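This is what each chain is made of:
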Amino acid sequence: MPEITVDARGMACPGPISALTRAYRNANNGDVIIVMATDPGFEPDVKAWIERTKNELLELKKEGGVITAKIKVVAKK
Amino acid sequence: METILTKERREALEKLLDMLVKMNELGLLDTIRDLLDPEFIGRLSELLMTPGTLKLLDHIDDLLDLAGSIDVEAIKGNMPLIKAALEALSREPKPVGITGLMRAMSDPDVQKGLGLMVELLKAIGKTKTK
Amino acid sequence: MKRVVILGGGGGGAILANLLPREEFQVTVVDKSPLHFFQPGNLWIAFKGVKKEKFLRPLRELLKPHVDFVQDEVVEVDLQNRSVKTKNGKQLGYDYVVFATGAELDYDALPGHRKLLETYGDFYSSPESAEKLYKTLLGMNSGRFVIAVADPIYKCPPGPHKGAFLSWELFSKRGLSNKVKVVLAVPVPHAYPSKTIADIIEPELNARGIELHTFFTANEINLDNKKIISLEGEELSFDVATVIPPHRGPSYMVTPESVKDGNGYIKIDKYTSKVEGFDDAFAIGDCTNAPTSKSGVTAHLQAEVVAARLQGIDARYSGRTNCPLITDGKGLFVISDYDHPPIPVRFSKFKRLMEDLFVATYWSAIRYPEFWSPVFKAYFEATDEMIRKGEGW
């Protein structure tokens, strides 16, 4: 199960949500994308993205100022 | 060359050159040259580009409109008042209780001031009732 | 004298070349084009009909006389042997090399994209294409004009938004604001990647009746039934459309290949612009993997950092952005850095004036960067203070 890590910590605008969407473009169903971000705006953004795209949020944790989201790609056509 | 220097351009060029001669005589060309110094420009930029000035300048259009809407003639006469008020604010006042207040109200200056405060309150209140 | 070879004479490379003191450095700029193009000019060409010549100048004239200019195309960079090979067979050795070749736009990634580009033009690929788009828009009297994005990492993040506002202005001036619908489709959850900025832009889009689609990553273009299909499974119909393409790093060979990331961008230390694994190689501008906006400001600031570092000063790039977004008459800047998301900013006439001033001084800033450095430095320091204090502007 291919794991794609997106280290978006310390990323200026356009920020982690753009890094996630870009990784999603190149990912396939079955892949797991792990995004790390320090921008607090990423948390609501990734939740909204999961809800809209219908991909699976496996895990969302916040530790020491870093938000880590583990996403399973399932919704690609 | 003849086509580049039309009669109008020749005239304009001559005036420009005369202007430059005058500026040079006045030492202005030297001044401009010296001002085009990175250090001077740097200091000027630091003065003009602070968070304060950038924020102020960002509202320049609103500020100018506001300033323009003020009836300057009307408030010109009251400048000494505003000055006096601002200066009074800088002096450390002694706390005043009810009895102190009563005593103060027999002072003719305070009475005049209170009259002014009432006018002020009326004016402010009027803007709220509109 | 240290030999510095700068690949690319754009907004990053030309400034860097002109910043390096001639007494210490022998500078060569390699660029396949004899002309330097002010890329933001594409907006004025495509939406205001300004002639492209206004934004094109011979690179030779913009570079200081002591800077060597080799008009040629880079085909290989061998970082281990410190050599650059060009298409016409030149071989350049160096003490320092700086990648400044920009990003490459891929119009063949999305089915139908190249045909779309050839049919309508666009405001990303070239000034000629922008001129074509202007003609197309002038001929549009009704229908839907769609601006979409194929990949969220592209140069000039506010580009599509400026396209939406300026095209609306164009249609509005022609009295067509009720006949032509401007549609903006972006891959992210709100109008702009940063919600702070999106909250400021969205009311302006609404006020003008510009149709906004979020979570829309353009993936396929069907010119027969005039539809753009997204990765997320949605469709947008258009009468005229332009799609910002996927971007990539330089395609010329670089040895070792490992310095390029999965998208071909040169991997650098995001603060020092040093290429990963090498002390004598740097990269600036759109060709790098720096986690910040791909913009002229980034290239300029990174150029200043590399110029300082080559002279032994420990200068660092903070990731600072200053992306301008303009609507009719007003503007704002997206101000952020590696450690801070964008600060709240308001649209104002003053900011628009500042942007106009910047555009007007561009050529001077390229040719005489040392003159404008103190001005830019003061501006960035003042606005950095706003970021640090968490203030808005």
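Structure shown above.
The following paragraphs examine the structure supplied in this document.

The rules behind each value
Residues numbered from 1 in each chain as written. Chains lettered and ligands numbered in written order. Predicted model: local features only at pLDDT ≥ 70, side-chain atom pairs only at ≥ 80, totals over all residues. Heavy atoms only, no water. Helix = DSSP H or I, 4+ residues; strand = E, 2+ residues; numbered from the N terminus. Rg over C-alpha atoms; globule rule 2.2 N^0.38 Å. Buried < 20%, exposed > 50% of the residue type's maximum accessible area, 1.4 Å probe, protein only. Contact = heavy atoms within 4.5 Å. Expected span 1.5 Å × (residues − 1). Phe/Tyr/Trp six-rings, centres within 6.5 Å; stacked < 30°, edge-to-face > 60°. Lys NZ or Arg CZ within 6 Å of the ring centre and 35° of its normal. Patch = residues over 30% accessible without salt bridge, like charges linked within 9 Å, V, L, I, M, F, W, Y side chains within 5 Å. Areas by Shrake-Rupley, 256 points an atom, 1.4 Å probe, with all protein chains shown as cover. Salt bridge = Lys/Arg side-chain N within 4 Å of Asp/Glu carboxyl O. Pairing = 2+ DSSP bridges. Axes fitted to C-alpha atoms, helices over the stretch in contact; angles between N-to-C directions. Buried area = accessible area lost by both parts, 1.4 Å probe.

**Observations regarding the overall build of chain C**
Step number 1: If you tally the helices and strands in chain C, you get 11 helices and 22 strands.
Step number 2: The C-alpha radius of gyration of chain C comes to 21 Å, within 12% of the 21 Å expected for a compact globule of 393 residues.
Step number 3: Once the C-alpha set of chain C is aligned to its principal axes, its extents read approximately 65 × 45 × 35 Å.
Step number 4: Classification of the 393 residues of chain C by burial places 62% in the buried group.
Step number 5: Nonlocal contacts in chain C, meaning residues at least 24 apart in sequence, comprise 62% of its contacts between residues at least 6 apart.

**With respect to helix α11 (residues 369-388) of chain C**
All names here are of chain C.
Step number 1: Counted at 1.5 Å a residue, the expected span for α11 with its 20 residues is 28 Å, and the 27 Å between its end C-alpha atoms agrees.
Step number 2: With respect to burial, α11 is a largely interior element, 14 of its 20 residues being buried.
Step number 3: Positioned one or two residues after α11, G390 has a phi angle of 65°, which is positive.

**Considering the packing of aromatic side chains**
All names here are of chain C.
Step number 1: Tallied over the entire structure, the rule returns 21 aromatic pairs over all chains.
Step number 2: A centroid spacing of 6.3 Å and a plane angle of 90° characterise the contact between Y120 and F238, whose relative ring orientation is edge-to-face. Placement of the pair is Y120 in helix α4 (residues 113-120) and F238 in the loop between β16 (235-237) and β17 (240-244), with a sequence separation of 118 residues.
Step number 3: Relative accessible area serves as the criterion here: at 8%, Y120 is assigned to the buried category.
Step number 4: An aromatic cluster of at least three residues, connected via ring pairs, comprises F38, W44, F55, F358, Y362, W363 and F376.
Step number 5: Just above the ring of W168 sits the side chain of R208; from NZ or CZ to the centre is 5.5 Å.
Step number 6: The ring centre of Y265 lies 4.0 Å from the NZ or CZ of K294, which sits over that ring.

**Here's the deal with the arrangement of the chains**
Step number 1: By contact count, the leading pair among the two pairs of chains in contact is chains A and C.
Step number 2: When C-alpha atoms are compared, chain A and chain B, though not in contact, are closest at a spacing of 21 Å.

**A short note on a nonpolar patch on the surface**
Residues and elements named next belong to chain B.
Step number 1: A cluster of nonpolar side chains, contributed by V96, I98, L101, M102, M105, V110, L114, M117, L120 and I124, occupies part of the molecular surface with about 940 Å² of accessible area.
Step number 2: Those elements that place two or more of their residues in the nonpolar patch are α8 (98-104) and α9 (108-129).
Step number 3: Per element, the largest residue contribution to the nonpolar patch is five residues, and it comes from α9.
Step number 4: Structurally, the position occupied by M117 is in helix α9.

**Observations regarding the sheet that holds strand β20 (residues 281-283) of chain C**
Residues and elements named next belong to chain C.
Step number 1: Taken in spatial order, the five strands line up as β5-β2-β1-β9-β20 in an open sheet, and their pairing is parallel. Only two strands of the sheet have a single partner each, and these edge strands are β5 (68-71) and β20. Each adjacent strand pair in this sheet contributes to an overall mean axis angle of 20°, direction not counted.
Step number 2: Here strand β1 (residues 2-7) pairs with strand β9 (residues 96-99) via four bridges, running parallel. When the bridges of β9 are listed, V5 appears paired with V97.
Step number 3: Contacts between helix α8 (residues 296-310) and the sheet are confined to β1, β2 (25-31), β9 and β20, with β20 contributing the most and set at about 160° to the helix.

**With respect to the interface of chain B and chain C**
Step number 1: Every contact between the two is made by 16 residues of chain B and, on the other side, 19 residues of chain C.
Step number 2: Buried surface at the junction of chain B and chain C, both sides included, amounts to about 1,500 Å², of which 68% is carbon and sulfur.
Step number 3: The tally of links between chain B and chain C comes to four salt bridges.

**A look at the environment of B:I98**
Step number 1: If you trace the backbone, B:I98 turns up in helix α8.
Step number 2: The sequence separation of B:I98 and B:M23 amounts to 75 residues, and the corresponding C-alpha distance is 70 Å.

**Observations concerning the sheet that holds β17(C)**
Residue and element names in this part refer to chain C.
Step number 1: One open sheet holds the four strands; their spatial order is β13-β12-β11-β17, and the pairing between them is parallel. Lying at the two open borders of the sheet, with one neighbouring strand each, are β13 (211-213) and β17. Within this sheet the neighbouring strands show an average axis-to-axis angle of 15°, counted without direction.
Step number 2: Two elements, strand β12 (residues 180-185) and β13, share three bridges in a ladder whose sense is parallel. Bridge pairing links A185 to H213 in β13.

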